[in-house]
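Now for the letters of each chain:
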Amino acid sequence: MPSLSPRFHVSLALLAGAALLVRSPAVRAQVPAPDGPPVHYDIRFPNADHHEAEVTATFAGLGSSPLEIQMSRSSPGRYALHEFAKNVYGLTASTPDGKRLNADRVTPSRWRVTSHGGTVVVRYTLFGDHADGTYPGIDRTHAHLNMPAVFLYARGLENRPIAVDFHLPAGAGWKVGTQLVPTSDPERFTAPDLQYFMDSPTELSNFDERSWREPSGDTAFTIRLFVHQQDTAAADLDRYETMVKRIVREEKAVYGELAPYDYGTYTFLAGYLPWVYGDGMEHRNSTFLTSTRPLSDSADAVRDLGALAHEFFHSWNMERIRDRAIEPFDFAHVQMSGLLWFGEGFTQYYGQLVMERTGYTSRRDYLDGLARTLDYVLHSPGRRFRGPIGMSDYSPFVDAASWVDRTNASNTFISYYSYGAVLAAGLDLELRTRFHLTLDDYMRAMWRKYGRTGTPYTLAGLRSTLGEVAGDSAFARTFFEHDIEGTAVPDYAALLGKAGLLLRPAHPGRATLGSARLVPAGGGVQVASGTEIGSPLYAAGVDYHDVLLEIDGTKVHNPSDINRLISVHAPGDSVTLSYIARDGRHQARVGLAAERALEIVPFEDAGRPVTKAMRDLRSAWLDSEVATRP
Ligand SMILES: [Zn+2]
């Protein structure tokens, strides 16, 4: 999940009290000079008990043309429409001296104010009670603000600087956690333009803080860890800070340097609370992390860390190495990126790999997870319909999207996180075994070419950079034609074998009817999901809501009855299935399939010889890089 803009950085001197901080050396596209005074926002919480905020937006220097104000419909890093205007009410527009102006609602998310005197003050109430990476959560404990879900904006004023005043409730002990630019007033922050403002999630609460200077090349950046949770013990936070530092350093080793954070600072904004919704959302210089798992439990802390590792990797891949299709972000429409298999999938691969390299995930658990993901991607019928680009294009329908009607996504869609992650694993092993390179070399080349320069990339750029890194454009062309634009996949058994790892069926000889969700109901066992294309259930004509009654004449009442009756058979055996469908009772004779789950086993555990070359490859791939890379 991402964010924004190689198009920012106008002068902040316009903003009274703006602290002029050191900017990153990143090269940025020229932005037109702002054509008027800053936009000003003001937010208060007089009814936090009931999840409301009162927002005031002031747009000045408007001339005589109508003002169009827009509530965002989408948010960077989430690919569905969210229609944030559904939680906006009591909207009024007025002149600075309080004279009411007409604000006509011209679309569900847009208002037009005509006949104003050049300055318009818009006031509205916002409701928010779903704290995560996309939605706001306002209550007595915090105001957790994802900006596109909170602040409407004026069309045509996107390049103007912004100042925002957070009016913290008296006596609540709240502070402001944000990547916005601080000023001498502790409640006032600024942004150089709308893209940066919208990319700056803000946590207002009495969070705990840790920070350190992290070296990068011949400079250093400040990393801040803000954690809002209940009853934090200092020791829990100390331990988590140590874990976060190790993740930061392991990911820095992949690229050789930190991303050059704007204003010199990166901020982890974590809310680990029972009343938030689990999520993680990347931004240029910060990330919003939410989970209901407290840091006091060490296993929970490791799971929280896994989400953090993914989001922090995005500060390079997605925030700065960025697909042209979503840059700059259009808040008024849904955005589509066909390259999420790279932006999300390669990030997924590295987030999990770095958890293993730092030892927070054991090697055994890492390989088990990789085997499960391979099983899902290699065996899902989805690849009959779409490759990684088509899966990425489908994101507006699956990424935090909800529908009334059923879809056939379980048969036609594979998560671009998983698909991209296994492609990354295959490419990494291919580069290591064929070219004495690693996927890090590819990521570093993408970083130098696109990330550091603030140039969005395209599919052609991904392909040509791989050819340059490998010194073999034919290899890159074939990989992209077959595995990216097509639906082929690398030969994982061969690649893993070179690391002395055996990819094999986890349950050889076990028969199955195929995967489907089964529940006791309707006098038998009801199918509570779609059935999978190619499975025996699908071949028998069984579909959603049908009730399985008998197998070979024996009645079934529970999913365990089915497992028991199937377990005496081998793959290829036939059974007779009786079931009730919408049109009545059916009987079908079907051949059982082989259970397809995969496992990855070290050769030494499978009684196979392990060579030094295998051990070396395994350790170069899975050991920490912090000591071995610059
Ligand atoms: Zn992500």
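Computed from a predicted structure; not experimentally measured.

*Asks:* I'd like to hear about the packing of helix 2 (residues 234-255) against helix 11 (residues 439-451), residue by residue, with values.
*Replies:* At a minimum axis separation of 7 Å, helix 2 and helix 11 run at an interaxial angle of 75°. In terms of their interaxial angle, helix 2 and helix 11 are classed as roughly perpendicular. Of helix 11, the residues touching helix 2 (which contributes Ala253, Val254 and Tyr255) are Asp440, Met443, Arg444 and Trp447. Here the contact of helix 2 with helix 11 is composed, by residue class, of five nonpolar, no polar and two charged.

*Asks:* Now, about the layout of surface pockets: what can you tell me, with residues and values included?
*Replies:* Size it by volume and the largest pocket reaches roughly 850 Å³. Surrounding the largest pocket, 34 residues form its lining, Gly306, Ala307, Gln348, Gln352 and Met355 being those nearest its centre. Residues belonging to the lining of the largest pocket are distributed by class as follows: 13 nonpolar, 14 polar and seven charged. Together, 32 residues line the second largest pocket, and Thr512, Leu513, Gly514, Ser515 and Glu595 are the ones closest to its centre. For the lining of the second largest pocket, the secondary-structure elements that each account for two or more residues are helix 6 (363-379), strand 23 (511-512), helix 15 (536-539), helix 16 (559-567) and strand 30 (593-594). The greatest single-element share of the lining of the second largest pocket, amounting to five residues, is contributed by helix 16. Its residues assigned to classes, the lining of the second largest pocket comprises 15 nonpolar, 11 polar and six charged.

*Asks:* Describe a nonpolar patch on the surface, listing the residues and the values that go with them.
*Replies:* Together, Phe397, Val398 and Trp403 make up a nonpolar patch on the protein surface, roughly 290 Å² of accessible area in all. Counting through the fold element by element, phenylalanine 397 comes out in helix 8 (residues 395-398).

*Asks:* Give a detailed account of the sheet that holds strand 17 (residues 208-216), specifying residues and quantitative values.
*Replies:* The five strands lie next to each other as 17-18-19-21-20, forming an open sheet whose pairing is mixed. The open sheet has two edge strands with one neighbour each: strand 17 and strand 20 (279-282). Neighbour-to-neighbour, the strand axes of the sheet open up by a mean angle of 15°, direction not taken into account. Along the sheet, helix 2 contacts strand 17, strand 18 (219-229) and strand 19 (265-272); its crossing angle with strand 17, the most-contacted strand, is approximately 25°.

*Asks:* Outline the side chain of histidine 314, supporting the account with residue identities and numerical values.
*Replies:* Tracing the backbone through its elements, the reader meets histidine 314 in the loop between helix 3 (298-313) and helix 4 (340-343). Judged by its relative accessible area of 0%, histidine 314 is buried. A polar side-chain atom of histidine 314 sits 3.1 Å from a polar atom in the side chain of glutamate 344.

*Asks:* Outline the sheet that holds strand 5 (residues 100-101), listing residues and values.
*Replies:* Here eight strands make up an open sheet; going across it, the order is 5-4-8-2-1-12-15-14 and the pairing mixed. In the strand order of this sheet, the two ends are held by strand 5 and strand 14 (181-182), each with one partner. Two strands pair when backbone bridges link them, and strand 1 (residues 39-44) and strand 2 (residues 52-59) are joined in this way by five bridges, in the antiparallel orientation. By the bridge assignment for strand 2, arginine 44 is matched with glutamate 54.

*Asks:* Quick rundown of helix 11? Include the residues and the values.
*Replies:* A large share of helix 11 lies buried, amounting to 10 of its 13 residues. Buried within helix 11 we find Leu439, Asp440, Tyr442, Met443, Arg444, Ala445, Met446, Trp447, Tyr450 and Gly451. Its side-chain oxygen 3.0 Å from the backbone nitrogen of aspartate 440, threonine 438 forms the N-cap of helix 11.

*Asks:* An account of the side chain of aspartate 139 is needed here, citing residue identities and associated values.
*Replies:* As for its position among the elements, aspartate 139 is in the loop between strand 9 (137-138) and strand 10 (142-145). Despite its burial, aspartate 139 pairs with no opposite charge, the nearest such side chain being arginine 140 at 8.1 Å. Of note is the side chain of aspartate 139, whose polar atom sits 2.6 Å from the side chain of threonine 141.

*Asks:* I'd like to hear about the pattern of salt bridges, residue by residue, with values.
*Replies:* Within the structure shown, the criterion is met by 41 salt bridges. Between glutamate 209 and lysine 175 there is a salt bridge whose closest N-O contact spans 3.1 Å. Here the residue glutamate 209 occupies a position in strand 17, and lysine 175 occupies one in strand 13 (residues 175-178), the gap between them amounting to 34 residues.

*Asks:* Could you give an account of the confidence of the model for the protein, naming the residues involved and the relevant values?
*Replies:* Do not read the predicted coordinates in detail wherever pLDDT is low. Looking at the protein, the pLDDT average stands at 94 and 94% of residues meet or exceed 70. Long-range and interchain partners of residues 2-31, a stretch whose pLDDT sits below 50, account for 112 contacts in this model, where long-range means more than four residues apart.

*Asks:* I'd love a proper account of the packing of aromatic side chains, names of residues and values included.
*Replies:* The final tally for this structure, using the stated rule, is 38 aromatic pairs. For the ring pair tyrosine 266 and phenylalanine 268, a centre distance of 5.0 Å and an interplane angle of 70° mean the geometry is edge-to-face. Here the two residues tyrosine 266 and phenylalanine 268 agree in accessibility, since each one is buried. A connected cluster of aromatic rings, assembled from ring pairs, spans Phe221, Tyr255, Tyr261, Tyr266, Phe268, Phe312, Phe313, Trp316, Tyr349, Tyr350 and Trp447. When the ring centre of tyrosine 394 is taken as reference, the NZ or CZ atom of arginine 386 above it lies at 4.4 Å. Positioned over the ring face of tyrosine 544 is arginine 406, at 4.1 Å from the centre of the ring.

What counts and how
Every chain begins its residue count from 1, and numbering advances along the sequence as written. Thresholds applied to this predicted model are a pLDDT of at least 70 for local features of residues and 80 or more for the giving and counting of side-chain atom pairs; totals over whole chains, interfaces and linings are not thresholded and use all residues. Just so you know, side-chain values use all the structure's heavy atoms and leave hydrogens and water out. Every axis corresponds to a line fitted to the C-alpha atoms, with the helix fit spanning only the stretch in contact, and the corresponding angles, defined between N-to-C directions, vary from 0 to 180 degrees. For the purposes of this entry, the term helix denotes a DSSP run of H or I that reaches at least four residues, the term strand denotes a run of E that reaches at least two, and both are numbered from the N terminus. Note that the term roughly parallel is reserved for angles under 35 degrees, roughly antiparallel for angles over 145, roughly perpendicular for angles of 65 to 115, and oblique for everything else. Two residues qualify as a contact provided that any one of their heavy atoms is within 4.5 Å of a heavy atom in the partner residue. Residues are grouped as follows: nonpolar covers Ala, Val, Leu, Ile, Met, Phe, Trp, Tyr, Cys and Pro; charged covers Asp, Glu, Lys and Arg; every other residue, Gly included, is treated as polar. A cavity, in this analysis, means grid points on a 1 Å lattice covering only the protein atoms where a 1.4 Å probe fits yet has no way out; a pocket is instead an open set bounded by protein on both sides within 12 Å along at least five of seven lines, and a residue lines either one if it has an atom within 4 Å of a point. Grid points are joined across faces, edges and corners, and a volume is the space filled by probe spheres set on the points. Residues enter patches when their relative accessible area tops 30% and they take part in no salt bridge; the joining distance is 9 Å for like charges and 5 Å for the nonpolar side chains Val, Leu, Ile, Met, Phe, Trp and Tyr. Here, Shrake-Rupley sampling with a 1.4 Å probe gives the accessible areas, and only protein chains in the shown set may cover a residue. One speaks of a salt bridge when a side-chain nitrogen belonging to Lys or Arg is within 4 Å of a carboxyl oxygen belonging to Asp or Glu. Any two strands are treated as partners once DSSP identifies two or more bridges connecting them. Only protein chains enter the calculation, and the probe is 1.4 Å; a residue is then buried if its accessible area is under 20% of its type maximum, exposed if over 50%, and partly exposed in between. Here a polar contact is taken to be a pair of N or O atoms separated by no more than 3.5 Å, where protein atoms must pair a possible hydrogen donor with a possible acceptor and residues adjacent in sequence count only if both atoms sit in side chains. When charges are counted, Lys and Arg are positive and Asp and Glu negative, with His and the chain ends excluded. pLDDT gives the predictor's per-residue confidence on a scale running from 0 to 100. Each Phe, Tyr or Trp ring (for Trp, its six-membered ring) is paired with any other whose centre lies within 6.5 Å, and the angle between the two planes then decides the class: stacked below 30 degrees, edge-to-face above 60, tilted in between. Lysine NZ or arginine CZ positioned within 6 Å of the ring centre and within 35 degrees of the ring normal marks a charge as sitting over the ring.

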